[in-house]
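Chain residues, written in single-letter form:
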Amino acid sequence: MRFFKYISVSILSSFFFMQCSSAQKLQENTVFETSPVYFQKWVAGVKGGGSGINVFIPITTELKDITLDNLYFRGNMVTLQTKPSSPKLYIGRIIGNANQKEGYKSTGDKIPFDLKDNEAVVSYSEKGKIKYFKIENITEKPMEQFPSVPPRK
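Just so we're clear, the structure is a prediction, and the values are computed from it rather than from any experiment.

Draft legend 1. Representation of the overall build of the chain in the model. Each helix and strand in the chain was counted, giving 1 helix and 8 strands. In the chain, buried positions account for 31% of the 153 residues. Long-range contacts, defined as pairs at least 24 residues apart, comprise 60% of the intrachain contacts of the chain with a sequence gap of at least 6.

Draft legend 2. Focus on the packing of aromatic side chains. Taken as a whole and assessed by the stated rule, the structure comprises 8 aromatic pairs. Relative to Phe-113, the ring of Tyr-72 lies with its centre 5.0 Å away and its plane at 70°, an arrangement referred to as edge-to-face. Of the two residues, Tyr-72 is situated in strand E3 (residues 66-73) and Phe-113 in the loop between strand E5 (86-95) and strand E6 (120-126); the sequence distance between them amounts to 41 residues. In this structure Phe-113 comes out as buried when scored by relative accessible area, which is 13%.

Draft legend 3. Structural context of the pairing of E5. Note: strand E2 (residues 51-58) against E5, 7 bridges, orientation antiparallel. Across the sheet, residue Phe-56 finds its bridge partner in E5, namely Ile-91. As paired elements, strand E4 (residues 76-83) and E5 share 3 bridges and run antiparallel to each other. Residue pairing across strands places Gln-81 opposite Ile-91, the latter belonging to E5. The hairpin formed by E4 and E5 contains 2 residues between the paired strands.

Draft legend 4. Seen up close, the side chain of Lys-131. Relative to the assigned elements, Lys-131 resides in strand E7 (residues 129-135). Here Glu-126 takes part through its side chain, which lies 2.9 Å from a polar atom of the side chain of Lys-131. Apart from the residues lying within four places of it in its own chain, the contact partners of Lys-131 are Gln-27, Val-122, Ser-123, Tyr-124 and Glu-126.

What counts and what doesn't
- Residues numbered from 1 in each chain as written.
- Predicted model: local features only at pLDDT ≥ 70, side-chain atom pairs only at ≥ 80, totals over all residues.
- Heavy atoms only, no water.
- Helix = DSSP H or I, 4+ residues; strand = E, 2+ residues; numbered from the N terminus.
- Buried < 20%, exposed > 50% of the residue type's maximum accessible area, 1.4 Å probe, protein only.
- Contact = heavy atoms within 4.5 Å.
- Phe/Tyr/Trp six-rings, centres within 6.5 Å; stacked < 30°, edge-to-face > 60°.
- Pairing = 2+ DSSP bridges.
- Polar contact = N/O pair within 3.5 Å; in protein donor to acceptor, adjacent residues only side chain to side chain.

See the structure below:
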């Protein structure tokens, strides 16, 4: 009888702790704003050149003491990057499985968010504290196909 009590208490407490540790609190409001966020699929024009999805997050306000870190989109987590020519445009580059070199394996890490195909979560640091916000209604732009040979002049 004591054994069943012990097992019951152990199982219940483990469920309680699993719920608390895996929850990420999403921010309702952020101190910065974005223009409409969009994504674009791409495929290289050469065999084994790769494919993927680029997610574009244009920031319209000044980022004071804030750094955008990671993007969670369609089951993937990637680090956000900017270009020197566009410091307010953050890009998440997700590598796809199609058109990859032989032997390519994606990481396939499980993300801690339950998202629809047109939703993403961005993690950011504000004064040293990590926060998360959800982006909804992400639109898709037409696929970009890169040619296999540069155009002739």
